[in-house]
Amino acid sequence: MLDTTVEYPWPKRRPEWSERVLRQLESGKLSVYDRSGVVAEFEDAWSEAHGTPYSLVTNSGTAALHSAFYGIGIGPGDEVLCPSYTFFATSASLFQLGALPVLVDARPDGSFDPEAAAALVTDRTKAVVLTHMWGLPCDMDAIVAFTRHHGLSLVEDCSHAHGATYAGRPVGTFGSAAAWSLQTQKLIAAGEGGVMTTSSREIYDRAQLLGHFNKRALQEMDPQGPLYQYAVTGLGLKYRAHPLGIAFAVGQIAELPAWIRNKQGFAEKIATLFARIDGITPLTLSTPERVSAHYALLFEVDPGRLPGGRDWLVAACNAEGIGDVDIPKATSPLHTLHLFQKPLSPVTTYDRAGIRSTFPVADRLAARTFKISVPCAPAGFEEEDARYLEGVRAVTEKIADHLTHHDGPGADARLAAATPGRGAR
Ligand SMILES: Cc1ncc(COP(=O)(O)O)c(C=O)c1O
C-alpha cells in the first residue's frame, strides 16, 4: 500500500483567484443584477474564447441547459433525442418544459451515435442534445449532417469538455446553443455555476427571460422582440449566479488552452501505465481531429482477459491507494433511471415513453468501464501532478506484476486474496 492516498486535488487555488474572490466580497456586490462587473467579464472572456456573440452565466449547468432548451423553443409535446449514456442533467430539464427526452444509444467510445438516433426521429422530434462525454468531442461532422438532414436544432452539453476542440473548433459552437457546468469538479470551477452560449439573438433573449428577469432582461433583451413585455418579471425562475463563484472562475478561462495542451501528455502517460495490465483499453484518448478536455480518462476492462473484470480492478486500485479510479455511478445510463422509464413532468402528462430501443453499447459501457482524473499541470502545481502520476505508476505496476506472477515472487497476499479465480486458493 502506498503511504498516501493518490487523489488529484481539484480545483486548484491560485492566490490571484482567491484574491479576486476577496475583492468581490469587499466590494459588497454579492448580487449582480444586470450584465455588469465580474459576470460581464466572465461572459466576455467566454464569448471571446468561443468566437460566439452571446454568453449567459447561470447558477448551474442544469439552469444553462434549461435556458438553452427554452431558448431554442422547446415546449410541451416536443421530443428531443438525448444520449442514454450521460449524466441525467443533460436532458432532465426537458421535463420542466413538458418535452420528452427520447433516449439514444452510444458509440463504443461513449459519444452520441447519430445512426442510432436516425431510427428514432418522429414528426414530434425538434432537437438533439448531446454530451461530449468525459471531454472527448462527439463526431460533429456526422451529427451536424444528421440534424441538418432532419431540420433539428442542436444543443451541446459541454459540461465535461471545457476547451475541447473538434477539427480545431471549440465544442459548443456547432449547434443552436451550448451549455457548460461550472460546478466544483469541472475544468472551469466556480463551485456552483453554469454558462450558456448561442449566436442567435432570439435564443439569447428567450434564455435570459427564463432566469434573468428585471434589470438584466430589460437591459439586454431586444425591446422590439416579441417577449420584451415579460422582461420585468421573467417567467418565474431565477438563474443568476453567485458572483463569488464567478470571481473565482473568471481567471481560469485564460489558462484553458494551456491546460488542455498539458492534459494530452498526462492522458497518454496514464493510458500507457494502465496498458501494462492485460485487458484494459483506453476509450477516450484524443485523436488528431477530436481533442479531449480529459475531464476524466475512461477505460474499458475485458472480463475475458482480466478475471474479476472492472470491479476487481477498481477495488484493487482503491485498496492500493488510488482513490481517483472510480466507477461512474451518478452517470448511469438514463434508461435505467425511473424518471426516464416513467416520465413525470410538472406541466404535462405523457402518453408515450422516451425509451423505444435497446442500449447495448451504453449497457456495456456501464458494466465494463472505469474512469480516472487526468492532471492538468497549471503552473505552480507541477510537484502535485508529478506525485499523482508517480502514485498511478506504482499501483499499476504492482497490479500488473501481481497478475503476471501471482504464483511467484511478485505475489501480494491482499491482491491475491482479492483476485477471483486466481490467488484465493
Ligand atoms: C454532463 C453534465 N451535464 C450537466 C451537468 C449539470 O451541471 P450542474 O451540476 O452544474 O447543474 C453536469 C454536472 O454536474 C454534467 O456532468
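All values reported here derive from a predicted model rather than from experimental measurement. (Residues numbered from 1 in each chain as written. Predicted model: local features only at pLDDT ≥ 70, side-chain atom pairs only at ≥ 80, totals over all residues. Heavy atoms only, no water.)

1. So, the sheet that holds strand β7 (residues 169-170)
Strand pairing in a sheet takes place through backbone hydrogen bonds and is either antiparallel or parallel in direction. Defined as follows: Whether two strands pair depends on DSSP finding at least two bridges between them. Each helix is a run of H or I in the DSSP string that is no shorter than four residues. Each strand is a run of E no shorter than two, and both are numbered from the N terminus.
Strands sit in the order β7-β6-β11 across an open sheet of 3 strands; the sheet is antiparallel. Single-partner strands in this sheet number two, and they are β7 and β11 (290-291). Summarising the sheet, strand β6 (residues 165-166) and β7 pair through 2 bridges and their orientation is antiparallel. In the strand pairing of β7, Thr165 is matched with Pro170.

2. Here's the deal with the layout of surface pockets
Heads up, the rule is: A 1.4 Å probe that fits into a set of points on a 1 Å grid over the protein atoms alone but cannot get out defines a cavity; an open set with protein on both sides within 12 Å along at least five of seven lines defines a pocket, and lining residues are those with an atom within 4 Å of a point. Grid points are joined across faces, edges and corners, and a volume is the space filled by probe spheres set on the points. For this scheme, ten residues count as nonpolar: Ala, Val, Leu, Ile, Met, Phe, Trp, Tyr, Cys and Pro. Four count as charged, namely Asp, Glu, Lys and Arg, and the remainder, Gly too, count as polar. An automatic or database domain assignment supplies the residue ranges for each domain.
Within this model, the largest pocket holds a volume of roughly 830 Å³. As for the largest pocket, its lining consists of 39 residues, and the residues nearest its centre are Gln183, Gln185, Lys186, Tyr295 and Lys371. The biggest single contributor to the lining of the largest pocket is helix α3 (residues 61-71), with 3 residues. Looking at the lining of the largest pocket, its residues break down into 14 nonpolar, 16 polar and 9 charged. Domain assignment of the residues forming the lining of the largest pocket places at least three in each of domain 1 (15-252 + 334-350) and domain 2 (256-330 + 365-418).

3. Examining the confidence of the model for the protein
Counted only if it meets this: As a per-residue measure, pLDDT tells how confident the predictor is, with possible values from 0 to 100. Any pair of residues with heavy atoms lying within 4.5 Å of one another is described as a contacting pair.
Overall, the prediction assigns the protein a mean pLDDT of 94, with 94% of residues at 70 or greater. Segment residues 420-425 is flagged for pLDDT under 50; beyond a separation of four residues in sequence, or across chains, it makes 13 contacts in the model.

4. Structural notes on the nonpolar core
The criterion, for reference: Only buried Ala, Val, Leu, Ile, Met, Phe, Trp, Tyr and Cys residues count toward a nonpolar core, and they belong to the same one when joined by side-chain atoms within 4.5 Å. Type-normalised accessible area, obtained with a 1.4 Å probe on protein chains alone, sets the label of each residue: buried when under 20%, exposed when over 50%, and partly exposed for intermediate values.
Judged by nonpolar contacts, the single largest core of 64 residues is most densely connected at Phe42, Phe274, Leu313 and Ile372. The element that contributes the greatest number of residues to this core is helix α10 (residues 256-274), accounting for 9 residues. Lining this core are residues from two domains, each supplying at least three of them: domain 1 (15-252 + 334-350) and domain 2 (256-330 + 365-418). Those residues in contact with Phe274 that sit more than four places away from it in its chain are Ile280, Phe299, Leu313, Cys317, Val325, Phe370, Ile372, Val392 and Thr396. With 49 residues, the next largest nonpolar core counts Tyr85, Val155, Leu209 and Leu334 among its residues.

5. Notes on unusual backbone geometry
In this chain, Trp10 is followed by Pro11 through a cis amide linkage whose omega measures -5 degrees. Among the secondary structure elements, Pro11 is positioned in the segment before α1 (15-27). If you check the backbone angles, Trp134 has positive phi at about 60 degrees while not being a glycine. Checked against the element boundaries, Trp134 lands in the loop between β4 (125-131) and α6 (140-150). The buried category is assigned to Trp134, whose relative accessible area is 2%. Of note in the backbone geometry, Asn214 takes a positive phi value of approximately 60 degrees without being a glycine. By the secondary structure assignment, Asn214 is in the loop between α7 (201-211) and α8 (215-220).

6. Brief notes about the packing of α3 against α7
Our working definition: Every angle, taken between N-to-C directions, lies between 0 and 180 degrees, and every axis is a line fitted to C-alpha atoms, over only the stretch in contact when it is a helix. Convention used here: angles under 35 degrees read as roughly parallel, angles over 145 as roughly antiparallel, angles from 65 to 115 as roughly perpendicular, and any remaining angle as oblique. Handedness of a crossing is defined here by the sense of rotation of the near helix relative to the far one, left-handed for an anticlockwise turn of less than a right angle and right-handed for a clockwise turn.
The geometry of α3 relative to α7 is characterised by a closest axis approach of 8 Å and an angle of 130 degrees between their N-to-C directions. Here α3 is positioned oblique relative to α7, judged by the angle of their axes. The way α3 lies across α7 gives a crossing that is right-handed. When α3 is examined against α7, the residues His66, Ser67, Tyr70 and Gly71 are found in contact with a partner set consisting of Ile203, Arg206, Ala207 and Leu210. Counted by class, the contact of α3 with α7 contains 4 nonpolar, 3 polar and 1 charged residues.

7. Here we look at the side chain of Arg206
Cut-off, in case you're wondering: Positive: Lys, Arg. Negative: Asp, Glu. His and the chain ends are not part of the count. Take a side-chain nitrogen of Lys or Arg and a carboxyl oxygen of Asp or Glu: if they are within 4 Å of each other, that pair is a salt bridge. Two N or O atoms form a polar contact when they lie within 3.5 Å of each other; inside protein one atom must be a possible hydrogen donor and the other a possible acceptor, and for residues adjacent in sequence the pair counts only when both atoms belong to side chains.
Tracing the backbone shows Arg206 in helix α7. We note that Arg206 is buried and unpaired, the nearest opposite charge coming from Glu202 at a distance of 5.6 Å. There is a polar contact of 3.4 Å between the side chain of Arg206 and the backbone oxygen of Gly71. Aside from chain neighbours lying at most four places away, what touches Arg206 is Tyr70, Gly71, Gly73 and Leu227.

8. Observations regarding the sheet that holds strand β12 (residues 297-301)
One open sheet holds the 3 strands; their spatial order is β10-β12-β13, and the pairing between them is antiparallel. At either margin of the open sheet sits one strand with a lone partner, and together these are β10 (280-282) and β13 (369-372). Each strand axis lies, on average, 30 degrees off the axis of its neighbour in the sheet, ignoring direction. In terms of strand pairing, β12 meets β13 through 4 bridges, oriented antiparallel. Opposite Phe299, over in β13, you have Phe370 as the bridge partner. The sheet contacts of helix α13 (residues 360-368) involve β12 and β13, and relative to β12 the element is tilted by about 90 degrees.

9. Some words on the domain arrangement of the protein
As a reminder of what qualifies: Summed over both partners, the accessible surface that disappears when two parts come together, traced with a 1.4 Å probe, is what is meant by buried area.
Along its sequence, the protein is carved into domain 1 (15-252 + 334-350) and domain 2 (256-330 + 365-418). The straight-line distance from the C-alpha centre of domain 1 to that of domain 2 is 31 Å. Tallying the contact residues gives 31 residues for domain 1 and 23 residues for domain 2. Both sides of the domain 1 and domain 2 interface together cover about 2,100 Å² of buried area, and 65% of this is carbon and sulfur. Considering only the surface of domain 1 that becomes buried against domain 2, Trp134, Leu136 and Leu187 emerge as the three largest contributors, covering 34% of it. Between domain 1 and domain 2 we count 1 salt bridge in total. Here Asp109 makes a salt bridge to Arg290, at a shortest N to O gap of 2.9 Å. Across the domain 1-domain 2 interface, the total number found is 10 residue pairs in polar contact (both at pLDDT 80 or more). Residue composition of the side of domain 1 that touches domain 2, by class: 17 nonpolar, 9 polar and 5 charged.

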